[in-house]
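One-letter residues, chain by chain:
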Amino acid sequence: MPEQSPLALEPIRARAEAATPGPWMAWREYHGPVTAWRICTHDGNREVVAGDEGAIESGDDAEFIAHARSDVPALVGEVERLRGRMREARALLPAADPNCVCCWCLATRRIGEAIAPAAGEGLA
Ligand SMILES: [Zn+2]
């Protein structure tokens with residue numbers, strides 16, 4: 001299986017920081033027999049998804065969008081924390097001879113290669 005390249009966090013963080021500050025909440029509106037969901041800031045002072053064209057029909061979708069405002073920054077922070085732990089783990093690995101084929105050097109190199117993407121190494 002090809003190795004997946006590390007996720008670039010900066011564009012994700014920039015989009016999250018540019019969006020209307022959170023937290024957001026899903027707000028249910030009843031229009032006769034029709035239920036529509038809107039997304040607004042938690043204090044209710046600002047609608048993020050507003051207007052009839054922006055109404056969301058699925059409560060699950062509305063909850064997902066509203067929670068994404070807080071979940072995305074939390075996930076970015078967790079990835080950064082875990083990458084930091086991986087860099088710490090990699091720094092603890094003893095240096096292996098790159099040309100040696102003994103079990104210890106092979107295993108140490110394999111561990112280092114496995115940790116590198118999880119540590120966010122290889123990002124442009
Ligand atoms: Zn060796």
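Notes on the structure in this doc start here. If you're wondering where the values come from, they're calculated on a predicted model, not measured in any experiment. (Residues numbered from 1 in each chain as written. Predicted model: local features only at pLDDT ≥ 70, side-chain atom pairs only at ≥ 80, totals over all residues.)

## What to know about the environment of Ala89
Test applied: The numbering of helices and of strands both runs from the N terminus, where a helix is a DSSP run of H or I of at least 4 residues and a strand a run of E of at least 2.
Following the sequence through the fold, Ala89 ends up in helix H2 (residues 59-92). Sequence-wise, Ala89 and Ile115 are 26 residues apart; in three dimensions their C-alpha atoms are separated by 8.0 Å.

## Concerning the sheet that holds strand S3 (residues 47-49)
Operational definition: Criterion used throughout: strands pair if DSSP finds at least two bridges between them. The axes used here are C-alpha line fits, helices contributing only the stretch in contact, and every angle between their N-to-C directions lies in the interval 0 to 180 degrees. This entry defines residue contacts through backbone-placed C-beta atoms, with two residues in contact when those atoms are within 7 Å.
With antiparallel pairing, three strands are arranged side by side in an open sheet as S1-S2-S3. The open sheet has two edge strands with one neighbour each: strand S1 (24-31) and S3. The sheet shows a mean angle of 45° between the axes of neighbouring strands, taken without regard to direction. Alignment of strand S2 (residues 34-41) against S3, held across two bridges, turns out to be antiparallel. Residue pairing across strands places Ile39 opposite Val49, the latter belonging to S3. Its contacts with the sheet put H2 on S1 and S2, and the angle it makes with S1 is roughly 155°.

## Here's the deal with the nonpolar core
Quick reminder of the rule: Note on definitions: a nonpolar core is a set of buried residues drawn from Ala, Val, Leu, Ile, Met, Phe, Trp, Tyr and Cys, linked by C-beta atoms within 7 Å. Burial is judged by counting other C-beta atoms within 10 Å of a residue's own C-beta: 20 or more means buried, 12 or fewer means exposed, and anything between counts as partly exposed, with every C-beta placed from the backbone.
If you look at the biggest cluster of nonpolar residues, it comprises seven residues: Trp24, Ala26, Trp37, Ile39, Ile56, Ala62 and Ala66. Broken down by secondary-structure element, the contributors of at least two residues to this core are S1, S2 and H2. Setting aside its immediate chain neighbours within four residues, Trp37 contacts Ala26, Trp27, Arg28, Ala55, Ile56, Gly59 and Ala62.

## Re unusual backbone geometry
Omega for the peptide link from Gly22 to Pro23 comes to 0°, which places this bond in the cis form. One can find Pro23 in the loop between helix H1 (9-18) and S1.

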